[in-house]
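# Architecture at a glance
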Amino acid sequence: MKHENENNAQEQMQEQICSYLFGELQAKDKAHVEQRFEESEVWRAERDRLQGTIGLVQAAMKADTVVETESEQLSEAAMQSLALAGTQAAASH
């Protein structure tokens, strides 16, 4: 049960950080996340790691795309899902 609670807390942290990075938070929630960054090295490290992952995905998409149509682009939600999947894969190793 403890392991499950830790995984849930980790997932919630990642979701909040991704929402922050994609500019999806209301002002109050954004301020809360920024406070967590100030107080926690773990939160800052996770933010930096997720920023790197998102940057890699965005760079790969730009490099692989010659002609993009709207239907071929990943939505922000899809990008967030990719970032979370990468995080979960890294955490399981």
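Residues numbered from 1 in each chain as written. Predicted model: local features only at pLDDT ≥ 70, side-chain atom pairs only at ≥ 80, totals over all residues. Heavy atoms only, no water.

Moving on: the nonpolar core. Within soluble globular proteins, side chains that are nonpolar generally end up buried alongside one another. Within the largest apolar cluster, twelve residues are counted, these being M13, I17, C18, F22, V33, F37, W43, L50, I54, M79, A83 and L84. Elements supplying a minimum of two residues to this core: α1 (2–21), α2 (27–39), α3 (41–64) and α4 (76–91). Ignoring anything within four residues of it in the chain, the contact list for A83 reads C18, L50, T53 and I54. (Core = buried A, V, L, I, M, F, W, Y, C linked by side-chain atoms within 4.5 Å. Buried < 20%, exposed > 50% of the residue type's maximum accessible area, 1.4 Å probe, protein only. Helix = DSSP H or I, 4+ residues; strand = E, 2+ residues; numbered from the N terminus. Contact = heavy atoms within 4.5 Å.)

Counted under the stated rule, the structure contains two aromatic pairs. Measuring from centroid to centroid gives 5.1 Å for Y20 and F37, while their planes differ by 75°, and the two rings are edge-to-face. Placement of the pair is Y20 in helix α1 and F37 in helix α2, with a sequence separation of 17 residues. The exposure class of Y20 is partly exposed, given its relative accessible area of 22%. (Phe/Tyr/Trp six-rings, centres within 6.5 Å; stacked < 30°, edge-to-face > 60°.)

With that out of the way, let us pick up the environment of A77. The topology assignment puts A77 in helix α4. Sequence separation between A77 and F22 is 55 residues, and the spatial gap between their C-alpha atoms is 9.2 Å.

Let us look at the confidence of the model for the chain. When pLDDT is low, close inspection of the predicted coordinates is not appropriate. Mean pLDDT over the chain: 82, with 82% of residues reaching 70 or higher. Per-element averaging of pLDDT across the chain places α4 at the bottom with 72 and α2 at the top with 97. (pLDDT = per-residue confidence, 0-100.)

So, on to α1. Helix length check: α1, at 20 residues, gives a terminal C-alpha distance of 29 Å against a target of 28 Å (1.5 Å per residue), a fit within 8%. When we look at burial in α1, the residues that qualify are M13, Q14, I17, C18 and S19. Note on α1: the residue one or two positions beyond its end, G23, has a positive phi of about 70°. (Expected span 1.5 Å × (residues − 1).)

Further remarks concern the packing of α1 against α2. Look at α1 against α2: their axes get within 10 Å of each other, and the N-to-C directions meet at 115°. Here α1 lies roughly perpendicular to α2, going by the angle between them. Crossing geometry of α1 relative to α2 is assigned as left-handed. Mapping the contact onto sequence places Q16, I17 and Y20 in α1 and K30, V33, E34 and F37 in α2. Broken down by class, the residue content of the contact of α1 with α2 amounts to four nonpolar, one polar and two charged. (Axes fitted to C-alpha atoms, helices over the stretch in contact; angles between N-to-C directions. Parallel < 35°, antiparallel > 145°, perpendicular 65-115°, else oblique. Left-handed = near helix turned anticlockwise from the far one by under 90°. Nonpolar A, V, L, I, M, F, W, Y, C, P; charged D, E, K, R; others polar.)

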